[in-house]
Amino acid sequence: MSTSLWWTASKWRGRCLCSVFQPGCRSYSKPISDTAVLPKPRLDYNAISESIVYKSHNAFNRKYPLPVGALQSIVRTHAEQKELSSQLSMKRHLRSTLGDRIRITKDSAEKQTLLGEAKALKTEITRLEENLLAVEETLLNLSLQLPNDTHPDAPIGPEDAATILSTHGPPPIPASAERDHTEVGRALGLFDFESAAVVTGSSWYYLLGDAALLENALTNYAISIALEHGFKFVTTPDIVREDIASRCGFRPRDQQSGSPTSQTYFITDSHPELVLSGTAEIPLAGMFANRVFPENTLPMRVVGLGRAFRAEAGSRGADTRGLYRVHQFTKVELFAVCEDDDSERTMEEFRGVQTEIFKGLGIPFRVLDMPTEELGASAFRKYDMEAWMPGRGRWGEISSTSNCTDYQARRLHIRYRRVAAHQSSASKLSTHGLQSATTFAHTVNGTAAAIPRLILALVENGARFNQEGKVVGLDLPSALKPYWLAPSTNVQWL
């Protein structure tokens, strides 16, 4: 390996590490942790190197921060890796040949000469192995900074470039400050933000009475619909390894914060490798990590219930009012592992389940095809669902669904077996002795219910006023009534 190439690789490795850990540097990926329990991600370096122009345009369209020259460095480092691998293979073959000669030679002087050559060869192989390991580490850390590819139909640009795919529910009612959920909640005794501020801090909350019952009803209602569609119910751990979260591509992006750790709660003293999960998507994806599924067993579809923790709440003025942006919330999550040609169909299936859930709530909502700058690291395509929130006077996100293709699977080692394409039709008639190829699966995730946002939308759309304009109760959808646990004088079922 040339001195100049080694210096370049080392320099870029250092810049990758700095971009992750130094305050003020923006990055949504990071080197694999020393506490990782999974094998290192398996990325397709050939595909990256062969599509470097596309990768550059893709990162630009997604407004994704890459160090200057990172893509060119990937190409150079990949070439260096291949050259070192070739040299190492040749040296190992030579070692094997030399070993055979040592075993069969009878001449002691010749054997001593061969042993000397073997010793020198061993030193050279060790050097090549160390150099290759360092180059592979550099190549991996550089490549991990790339976002997923983008669906060709995804709109290009910022959030306001989103395309409306469909609208549902009744016509939106006029915006009114009187319908603000914090005011309605104060009148009906639904929320206690003041006590939560004393106990924990800003952007935390208590749900009281009917609001607490509403959370329970929404949770069970969303889960029941998912179960009707064949999803398996899972409750998830709320604490995960930071490495698992990183492999999922999850790092909630706060545009006002320069610190990459500002959006995640770390358990810094007793278990620094652990974080509070930002979404049940992370432990659900991790549940399938390092597994190979037999042929014809996918898709695997689960609906998970967990708490989501977001440290970025409180940074954006009006968006932080009340329940809209909070540090902790209950979330029902849909997740699927599917074959690599089935993720687009699975994504549309998720969209159908989500639409059914929100239609049953009787609120105005719309489905958006989200533009490139809103896709984050892992999404190939993303749909958002927004509900009309008349107290806020705007539409607000209540759900999303993302097709992550093999982005998470390559990092988490989620694979499946399929019958090799070269098998003859006759041989496929019997499963005995069939050879199968292993490939990376695709993953799809979607929010079935982000509880505080749904409570906000239901309260603002369902607030009931008397003739004097005073809030006197809530009109709630009858779809929730079977899951309501206690009588209420404030609630009327529609």
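Cut-offs used in this document
Residues numbered from 1 in each chain as written. Predicted model: local features only at pLDDT ≥ 70, side-chain atom pairs only at ≥ 80, totals over all residues. Heavy atoms only, no water. pLDDT = per-residue confidence, 0-100. Contact = heavy atoms within 4.5 Å. Axes fitted to C-alpha atoms, helices over the stretch in contact; angles between N-to-C directions. Helix = DSSP H or I, 4+ residues; strand = E, 2+ residues; numbered from the N terminus. Parallel < 35°, antiparallel > 145°, perpendicular 65-115°, else oblique. Left-handed = near helix turned anticlockwise from the far one by under 90°. Salt bridge = Lys/Arg side-chain N within 4 Å of Asp/Glu carboxyl O. Buried < 20%, exposed > 50% of the residue type's maximum accessible area, 1.4 Å probe, protein only. Pairing = 2+ DSSP bridges. 1 Å grid on protein atoms, 1.4 Å probe; cavity = no way out; pocket = protein on both sides within 12 Å on 5 of 7 lines; lining within 4 Å. Points joined across faces, edges and corners; volume = space filled by probe spheres on them. Nonpolar A, V, L, I, M, F, W, Y, C, P; charged D, E, K, R; others polar. Core = buried A, V, L, I, M, F, W, Y, C linked by side-chain atoms within 4.5 Å.

Chemist: Quick one: what's the story with the confidence of the model for the protein, residue by residue and with numbers?
Modeler: Here the protein averages 87 in pLDDT, while 86% of its residues score no lower than 70. pLDDT under 50 marks residues 1-29. Its contacts with residues more than four places away, or in other chains, come to 56 contacts. Predicted confidence is poor over residues 252-258, with pLDDT under 50, and the contacts of this stretch with residues over four places away or in other chains come to 23 contacts.

Chemist: Report on the packing of helix α8 (residues 210-228) against helix α11 (residues 343-359), specifying residues and quantitative values.
Modeler: Two elements in contact, α8 and α11, have axes separated by 10 Å at closest approach and are oriented at 140 degrees. Accordingly, the angle class assigned to the pair α8 and α11 is oblique. The crossing of α8 and α11 is right-handed. On α11, the residues touching Y221, A222, I225 and E228 of α8 are V353, E356 and I357.

Chemist: Would you mind going over the pattern of salt bridges in detail, with residue names and values included?
Modeler: Overall, the coordinates contain 18 salt bridges when judged by the stated rule. We note a salt bridge from R418 to D340, for which the minimum N-O separation is 3.1 Å. Linking R418 in strand β13 (residues 414-419) with D340 in the loop between β9 (328-338) and α11, this pair joins segments that are 78 residues apart in sequence. Residue R418 is classed as partly exposed on the basis of its relative accessible area, which comes to 33%.

Chemist: So what's going on with the side chain of K55? Which residues, and what values?
Modeler: On the secondary structure map, K55 appears in helix α3 (residues 52-61). Residue classification places K55 among the buried residues on the basis of a relative accessible area of 13%. Non-local contacts of K55, meaning those with residues more than four positions away in its chain, are made with I48, L71 and D149.

Chemist: I'd like to hear about the pairing of strand β8 (residues 300-309), residue by residue, with values.
Modeler: When you tally the buried positions in β8, you get seven out of 10 residues, the bulk of the element. With four bridges connecting them, strand β4 (residues 232-235) and β8 associate as parallel partners. Paired with F233 across the strands is V303, a residue of β8. The pairing of β8 with β9 spans 10 bridges and is classified as antiparallel. Residue pairing across strands places R301 opposite A336, the latter belonging to β9.

Chemist: Got a sec to walk through the environment of E80? Specific residues and values, please.
Modeler: Structurally, E80 is set in helix α4 (residues 70-104). E80 gets classed as buried once you look at its relative accessible area, which sits at 6%. Note: C-alpha distance between E80 and V135 (55 residues apart in sequence) is 7.6 Å.

Chemist: Any details on the layout of surface pockets? Residues and values, ideally.
Modeler: Put simply, the second largest pocket is a space of about 300 Å³. What lines the second largest pocket is a set of 16 residues, among which I48, K55, N148, D406 and R410 lie closest to the centre. For the lining of the second largest pocket, the secondary-structure elements that each account for two or more residues are α2 (45-50) and α12 (407-412). Ranked by the residues each element gives to the lining of the second largest pocket, the list is headed by α12, at three residues. Class assignment for the residues of the lining of the second largest pocket results in six nonpolar, four polar and six charged.

Chemist: Tell me about the nonpolar core, and please be specific about residues and values.
Modeler: For soluble globular proteins, nonpolar side chains are generally found buried alongside one another. Counting residues in each nonpolar core, the largest one holds 58 residues, and the members touching the most others are L218, L361 and I455. The greatest single-element share of this core, amounting to 10 residues, is contributed by α8. Leave out the neighbours within four places in its chain, and I455 touches F191, L207, A211, L214, E215, L218 and L323. Core analysis: the second largest hydrophobic core is formed by 25 residues, F250, L298, F335 and F440 among them.

Chemist: Which residues make up the environment of R325, and what values do they have?
Modeler: Inspection of the secondary structure assignment puts R325 in the loop between β8 and β9. Given a relative accessible area of 15%, R325 falls into the buried group. With 121 residues separating them along the chain, R325 and W204 place their C-alpha atoms 9.3 Å apart.

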